[in-house]
Amino acid sequence: MYLADSRQADGGRAVGRGSRPGRRAAAVSSTVLALGAVSLITDVSSEMITAVLPLYLVSGLGTSLLGFGVLDGVYNGVTVLVRLIGGRLSDHPRVSHKAVAVVGYGLSALCKPLLLMAHSLSLFGAVLAADRTGKGLRTAPRDAMISLASTPANRGRAFGVHRAMDTAGALLGPLTAFFILRTTVDGYDTVFTVSGCVAALGVMVLLLFVPGRQRSRAGTSDAADSDAEDTDPAIVPSSAGDQRTQAVRELVRRPQVRRLVACAVLLGLTTVSDSFLYLSLQRALHLPEAWFPLLPLGTASAFLLLAVPVGMVADRIDRRRLFLIGHLVLLCAYGVLIAPLGTSPVVAVVVLALHGGFYAATDGVLAAATADAVPEAVRGTGLAVVQTGQAGARFLCSIGFGSAWAAWGDRNALAVAAGGLALSVAVCSWLLRRHHPSHALEATC
């Protein structure tokens, strides 16, 4: 069990690589646990919507598969430019990471009740876009707070603990939606109403329990082990605005940042969205519509079980390599869906377990790898740059996959995506092999 160490929460030096042998490893800070609680509550709200969204749009509003692909792209990719804005704002010396995160979480909470009034495709898309704008604003500052509240030696574990708590919410959300659909007459409207109330609770927890501006917990000995702590005078800005602008320019010129962005984009272009994967699985197994909201539970369960162990592995091996391995796991999930294996429930179990393993090896791991490569002064911006590239690529993938499904069918479209993913992994492996930092992270036990 990961408990906060009050001494570390008060700014005491964390136990890291330079610690004396036999001392206990650094605990996850109270800030990480508080942010995990916020994400858990917010994910209950978000996943209630996500669990019913495909069927509501396709069956309830009569949306075509191409139209759903566009809306799914909006839902997953509208955060592209907003992530940069959120990251840049949170790095401003007069604005805290928490303030930007509160705005983002608050905007998403306000959008949930508006879904009750969106009875046309255009209005529904507009509300979803506003909801995702809130997500885009909050993601980079939230991850920046996690990285600043952790040491380089336990950063992977910190992100793993946060993602595990986040995923606990992803488990409860579909269960809540399933229960509401089974027990109420106006099921979808009730889902949207309850989702809004839960989202408001998440904002309250953020306001009350997450501290304000974060101070890095990395000590000098830890700093020597990370690209992010390898202080470069050309990129560490002062408080002056023009020097901070120059710092951002220097940030995107860093080879390790450019390679992470390139890999996030290439792999995102062939990462089929969760909604399409669940629709493919539901049609392959001929599942009743009422059971559809339970499919995300398989992914969330595997993610929850694997997030912390994989995060600890990420503290001991090259995090970028683990990120690529995660996409190979996703490729295996595609292969199982494409293969003519019949309608056995085992197929669903295998696909969803692989899907959850993919998230465990990529979601928090990419954020930790980015934090390694980005200085503290522009941490939020650096995280936003990489996340923006990934979100933009997944936006294009949703539109392209929806078009391919409408033209060729789900199995053929998925086969094309699998081929593209295999090629992308090979290219990214070559890109990352070209750059080996002289001081790669190697955490001790």
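Below is a summary of the structure that appears in this document.

Conventions used here
Residues numbered from 1 in each chain as written. Predicted model: local features only at pLDDT ≥ 70, side-chain atom pairs only at ≥ 80, totals over all residues. Heavy atoms only, no water. Salt bridge = Lys/Arg side-chain N within 4 Å of Asp/Glu carboxyl O. Helix = DSSP H or I, 4+ residues; strand = E, 2+ residues; numbered from the N terminus. Buried < 20%, exposed > 50% of the residue type's maximum accessible area, 1.4 Å probe, protein only. Expected span 1.5 Å × (residues − 1). Axes fitted to C-alpha atoms, helices over the stretch in contact; angles between N-to-C directions. Parallel < 35°, antiparallel > 145°, perpendicular 65-115°, else oblique. Contact = heavy atoms within 4.5 Å. Nonpolar A, V, L, I, M, F, W, Y, C, P; charged D, E, K, R; others polar. Core = buried A, V, L, I, M, F, W, Y, C linked by side-chain atoms within 4.5 Å. Phe/Tyr/Trp six-rings, centres within 6.5 Å; stacked < 30°, edge-to-face > 60°. Lys NZ or Arg CZ within 6 Å of the ring centre and 35° of its normal. Patch = residues over 30% accessible without salt bridge, like charges linked within 9 Å, V, L, I, M, F, W, Y side chains within 5 Å. Areas by Shrake-Rupley, 256 points an atom, 1.4 Å probe, with all protein chains shown as cover. Left-handed = near helix turned anticlockwise from the far one by under 90°.

## Notes on the pattern of salt bridges
(1) Moving on: A complete count under the given rule lists nine salt bridges for this structure.
(2) Moving on: Between Asp131 and Lys112 there is a salt bridge, with the nearest N and O atoms lying 2.8 Å from each other. Placement of Asp131 in helix α6 (residues 121-148) and of Lys112 in helix α5 (residues 97-114) is noted, with a sequence separation of 19 residues between them.
(3) Moving on: Asp131 sits in the buried class, given a relative accessible area of 5%.
(4) Moving on: Among the ionic pairs, Asp143 bridges to Arg163, the shortest N-O distance being 3.3 Å. One end of the pair, Asp143, is in helix α6; the other, Arg163, is in helix α7 (residues 155-183), and 20 residues separate them in sequence.

## Points about helix α16 (residues 379-408)
(1) Moving on: In this model α16 runs 43 Å from its N-terminal to its C-terminal C-alpha over 30 residues, within 8% of the 44 Å that 1.5 Å per residue would give.
(2) Moving on: Of all 30 residues that make up α16, 22 are buried, and the element is covered over most of its length.
(3) Moving on: Looking at the residues trailing α16, positive phi occurs at Gly409, about 95°.

## Points about the packing of helix α12 (residues 274-285) against helix α15 (residues 345-373)
(1) Moving on: Between α12 and α15, the shortest axis-to-axis distance is 11 Å and the interhelical angle comes to 170°. Judged by the angle between their axes, α12 and α15 are roughly antiparallel. On the side of α12, the interface is formed by Asp274, Leu277, Tyr278, Leu281 and Leu285, while α15 contributes Val347, Ala348, Val351, Leu352, His355 and Tyr359.
(2) Moving on: Classifying every residue of the contact of α12 with α15 gives nine nonpolar, one polar and one charged.

## Remarks on the nonpolar core
(1) Moving on: Within the largest apolar cluster, 103 residues are counted, with the highest numbers of intra-cluster contacts made by Phe124, Val191, Phe192, Leu206, Leu281, Tyr334 and Phe401.
(2) Moving on: Here this core takes 14 residues from helix α2 (residues 30-60), the largest share from any one element.
(3) Moving on: Tyr334 has contacts with Thr270, Thr271, Val272, Leu277, Leu414, Ala417, Ala418 and Leu421, leaving out every residue within four places of it along the chain.

## Side note on the packing of aromatic side chains
(1) Moving on: Under the counting rule described, the total for this entry stands at nine aromatic pairs.
(2) Moving on: Residues Tyr56 and Phe192 carry aromatic rings whose centres are separated by 5.5 Å and whose planes lie at 85° to one another, so their mutual orientation is edge-to-face. Note that Tyr56 is positioned in helix α2 and Phe192 in helix α8 (residues 187-209), a separation of 136 residues in sequence.
(3) Moving on: A relative accessible area of 8% places Tyr56 in the buried class.
(4) Moving on: An aromatic cluster is defined as three or more aromatic residues linked by ring pairs; in this entry it consists of Tyr56, Phe124, Tyr188 and Phe192.
(5) Moving on: Against the face of Tyr105 rests Arg138, its NZ or CZ located 4.6 Å from the ring centre.

## With respect to a nonpolar patch on the surface
(1) Moving on: Taken together, the side chains of Leu201, Met204, Leu207, Leu208 and Phe209 present a nonpolar region at the surface, about 530 Å² in accessible area.
(2) Moving on: Here Met204 is to be found in helix α8.

## Points about the packing of α5 against α8
(1) Moving on: In contact at an axis separation of 7 Å, α5 and α8 are set at 165° when each is read in the N-to-C sense. The orientation of α5 with respect to α8, classified from their angle, is roughly antiparallel. Crossing geometry of α5 relative to α8 is assigned as left-handed. Contacts between α5 and α8 involve Lys98, Ala101, Val102, Tyr105, Gly106, Ala109, Lys112 and Pro113 on the former and, on the latter, Phe192, Ser195, Gly196, Ala199, Ala200, Val203, Leu206 and Leu207.
(2) Moving on: For the contact of α5 with α8, the per-class residue count stands at eleven nonpolar, three polar and two charged.

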